[in-house]
Amino acid sequence: MGNFNKMTVWDPQMAFQTTRHKSSRSVGLATRNLQNLRRLDFLAGGALVDGQWVSGGERDHVIDPATGEEIADVARCGAAEMEVAIAAAERSFPGWRELLPARRGAILRSWASLMLEHAEELAILVTCEQGKPLAEARHEIAYGAGFLEWFAAEGERAYGETIPSHKIGSLLQVRMQPIGIAAAITPWNFPVAMITRKAGAALAAGCPIIVKPAPETPLSALALARLAEQAGLPPGVFQVLVGNPIELSAPLLNHTRIRALSFTGSTEIGRLLLEGAAESVKKVSLELGGHAPFLVFDDVDLEKAVRGVMAAKFATSGQDCLAANRIYVQRSIYGDFVEAFSAAMTQLRVGHGLEPTTDIGPMTKLSVANKCRSQIDEAMKKGARVVSAKQGATLGPNFVPPTLLSDVTEDMLIAREETFGPVAAVLPFDSEEEVIARANASEMGLAGYVYTDSLRRALRLSERIECGMLGINTASFTGPPIPFGGWKQSGLGREGSRHGLAEYMELKYVCFGDLAA
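The structure displayed is predicted, hence computed values, not measured ones.

Calculation notes
Residues numbered from 1 in each chain as written. Predicted model: local features only at pLDDT ≥ 70, side-chain atom pairs only at ≥ 80, totals over all residues. Heavy atoms only, no water. Helix = DSSP H or I, 4+ residues; strand = E, 2+ residues; numbered from the N terminus. Rg over C-alpha atoms; globule rule 2.2 N^0.38 Å. Buried < 20%, exposed > 50% of the residue type's maximum accessible area, 1.4 Å probe, protein only. Contact = heavy atoms within 4.5 Å. Areas by Shrake-Rupley, 256 points an atom, 1.4 Å probe, with all protein chains shown as cover. Pairing = 2+ DSSP bridges. Axes fitted to C-alpha atoms, helices over the stretch in contact; angles between N-to-C directions. 1 Å grid on protein atoms, 1.4 Å probe; cavity = no way out; pocket = protein on both sides within 12 Å on 5 of 7 lines; lining within 4 Å. Points joined across faces, edges and corners; volume = space filled by probe spheres on them. Nonpolar A, V, L, I, M, F, W, Y, C, P; charged D, E, K, R; others polar. Parallel < 35°, antiparallel > 145°, perpendicular 65-115°, else oblique. Left-handed = near helix turned anticlockwise from the far one by under 90°. Patch = residues over 30% accessible without salt bridge, like charges linked within 9 Å, V, L, I, M, F, W, Y side chains within 5 Å. Salt bridge = Lys/Arg side-chain N within 4 Å of Asp/Glu carboxyl O.

(A) Spotlight on the overall build of the protein. Along its length, the protein carries 16 helices and 23 strands. Relative to the globule expectation of 24 Å for 517 residues, the C-alpha radius of gyration of the protein, 24 Å, shows essentially globular dimensions. Judged by the C-alpha coordinates and their principal axes, the protein covers about 75 × 70 × 40 Å. The buried share of the protein, reckoned over its 517 residues, is 57%. A fraction of 75% describes how many contacts in the protein between residues 6 or more apart in sequence connect residues 24 or more apart. Carbon and sulfur atoms form 54% of the exposed surface of the protein, whose accessible area is close to 20,700 Å².

(B) Structural detail: the sheet that holds strand S7 (residues 171-178). What the three strands build is an open sheet, ordered S6-S7-S23; its pairing is antiparallel. Edge positions in the sheet fall to strand S6 (161-163) and strand S23 (505-512), since each of these pairs with one other strand and no more. Between one strand axis and the next, the sheet turns by 25 degrees as a mean value, whatever way the strands run. Pairing analysis gives three bridges linking S6 to S7, with the strands arranged antiparallel. Note on S7: the bridge partner recorded for threonine 162 is glutamine 173.

(C) The arrangement of the layout of surface pockets in detail. Within this model, the largest pocket holds a volume of roughly 1,100 Å³. What lines the largest pocket is a set of 40 residues, and nearest its centre among them are Gly265, Ser266, Thr267, Glu268 and Ile269. Residue assignment for the lining of the largest pocket shows that the elements contributing at least two residues are helix H9 (245-254), strand S11 (258-264), helix H10 (267-278) and helix H13 (366-381). With six residues, the single largest contributor to the lining of the largest pocket is H10. Of the residues assigned to the lining of the largest pocket, the class counts are 18 nonpolar, twelve polar and ten charged. As a volume, the second largest pocket reaches approximately 540 Å³. For the lining of the second largest pocket, the secondary structure elements donating two or more residues are helix H6 (134-154), helix H7 (193-205) and helix H11 (302-314). With four residues, H6 is the single largest residue contributor to the lining of the second largest pocket.

(D) Representation of the sheet that holds strand S13 (residues 292-296). Spatially, the seven strands line up as an open sheet ordered S15-S16-S17-S14-S13-S19-S20, and their pairing is mixed. The sheet is open, and its two edges are formed by strand S15 (385-389) and strand S20 (469-472), each paired on a single side. For this sheet, the mean angle separating the axes of adjacent strands, direction not counted, is 20 degrees. H13 contacts S15, strand S16 (403-406) and strand S17 (423-429) of the sheet and is inclined by roughly 30 degrees relative to S16.

(E) Up close: the packing of helix H4 (residues 101-117) against H6. Between H4 and H6, whose axes approach to 8 Å, the crossing angle comes to 165 degrees. Judged by the angle between their axes, H4 and H6 are roughly antiparallel. Every pair of crossing elements has a handedness; the one defined by H4 and H6 is left-handed. Facing H4, whose interface residues are Gly105, Leu108, Arg109, Trp111, Ala112, Met115 and Leu116, H6 presents Ile141, Ala142, Gly144, Ala145, Leu148, Glu149, Phe151, Ala152 and Ala153. Of the residues contributing to the contact of H4 with H6, the split by class is twelve nonpolar, two polar and two charged.

(F) Quick peek at a nonpolar patch on the surface. Taken together, the side chains of Leu171, Phe512 and Leu515 present a nonpolar region at the surface, about 250 Å² in accessible area. Summarising the element assignment, phenylalanine 512 is placed in strand S23. Owing to a relative accessible area of 34%, phenylalanine 512 belongs among the partly exposed residues under this scheme.

(G) Spatial organisation of unusual backbone geometry. Of note, the phi angle at aspartate 50 is positive, near 55 degrees, even though the residue is not glycine. Residue position: aspartate 50 is located in the loop between strand S2 (47-49) and strand S3 (52-55). Its identity is not glycine, yet asparagine 473 carries a phi of approximately 60 degrees, on the positive side. Within the secondary structure, asparagine 473 sits in the loop between S20 and strand S21 (487-488).

(H) Quick peek at empty space enclosed by the protein. Going through the model one piece at a time under the given rule, you end up with three cavities of 30 Å³ or more. Size it by volume and the largest cavity reaches roughly 50 Å³. Every residue lining the largest cavity is counted, 13 residues in all, and those nearest its centre are Pro293, Arg326, Met444, Gly445 and Ala447. Elements with a contribution of two residues or more to the lining of the largest cavity: S13 and strand S18 (444-445). Class assignment for the residues of the lining of the largest cavity results in eight nonpolar, three polar and two charged.

(I) Main features of the pattern of salt bridges. What the rule picks out here adds up to 28 salt bridges. The partner of arginine 257 in a salt bridge is glutamate 90, and the shortest N-O contact between them spans 2.7 Å. Pair noted here: arginine 257 is in the loop between H9 and S11 and glutamate 90 is in helix H3 (residues 79-98), with a separation of 167 residues, a long-range link. Judged by relative accessible area, which is 27%, arginine 257 ranks as partly exposed. Taking the relative accessible area as the measure of exposure, glutamate 90 reaches 38% and is therefore partly exposed. One salt bridge in this structure joins aspartate 453 and lysine 304, with 3.2 Å as the shortest N-O distance. In this pair, aspartate 453 sits in the loop between strand S19 (447-451) and helix H15 (455-464) while lysine 304 sits in helix H11, placing the two residues 149 residues apart along the sequence. The class for lysine 304 is partly exposed, based on a relative accessible area of 25%. Connected through salt bridges with shared partners, the residues Arg197, Lys198, Glu287 and Glu495 form a single ionic network.

Pasting the structure below:
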């Protein structure tokens, strides 16, 4: 094992004493829940590097976004620890690649089973550090485990091809082979599922993977690593390093031994990573920002459309790249829709994610909350009308009341920039051709939604809306079997499905010649 600089191997007794010391003080809702976890090692905060849990040295605080309370601290890894991790991944690659796909799949299934066994604890971790309502966090754990199950099976179906030969006496084959060491940089809005969606594919393909989770949500990532180790993943095959994003990302970009890089996050950061990966010509997968249009035509049942837009807008308190950002409603039903949408929004309850009645939790980052408030203020100055704004503003700086803005126009920031919060912008339209042009005017093309009872119209729009994923009369369309990704500046490549496995594999063409008798 390499030099861990100032890091030390994790001491479980010390972690237990630290947790006990915290319990003697007056603590908040999140800390009280964390202290009751069955697995106190989930709170140890050590990073998994080369099969060792390392801690000590400088630490970073983990904050409950609902209250601002420090709920834990984690190791602060740096470039030296990343170098150790890369070397460990390189050593582990031959052995992991040579395992039969069924054996790799069995380990992934064991990992998924452990996730479900500890689902409640993982969900509490997610809510405490990310803020989403506990019911949604529970759903994320099941969703994340589903990717491990899916890729466990899909790894056994990494089929190649036999090509009818164009040369006499030759046999032509195409094989799928693991690309090498992979790196994943994951976001804070889905801190569990975005790791398993990337790691499940890489590991099933035969690639070791190094994960750098978002600094806001390290606890759930480190808990996943403990379960991965328990499931039997060998040292160096799955590693999680927490710390300064810039310091940890630089070696991942610069090392030629890192062959694939997967990132989920903002388009701005995605551009920088793509530029940084260019020199070593890595295979880069990017799932970036969205600005999803949601089209409501006047032939659709109004109640069904409102149910759909509520689901598409307010999941994860609006902090979702799939969230409906521009809600286009045909003018003949515009007033009725706004009224019904506003009434539905008044039922949303704002609060701490651990409270059982909460529908909308805090924004994970203050900067996200401030962006929401800035977009609301700018839209109002330009003539938008605030139809609904509920409680929550006084709960803390990270809370944004669910807000409906009607009479929004394309020159407003909220119609051009991703909101990433519980603010809904509603815009009227007149004709199908008009709304298609307006929906496609964005440089983002991740997802879109269409609500209509006309089959012909649905088919037309499914061809013409420029996005990677489109829901027709539904707001729920993601999952392990589907190719998740976007067009234009919403990203490159796909996650999930057989296409997600291919992101971590290379095609090798082999020609067997001189076979003629």
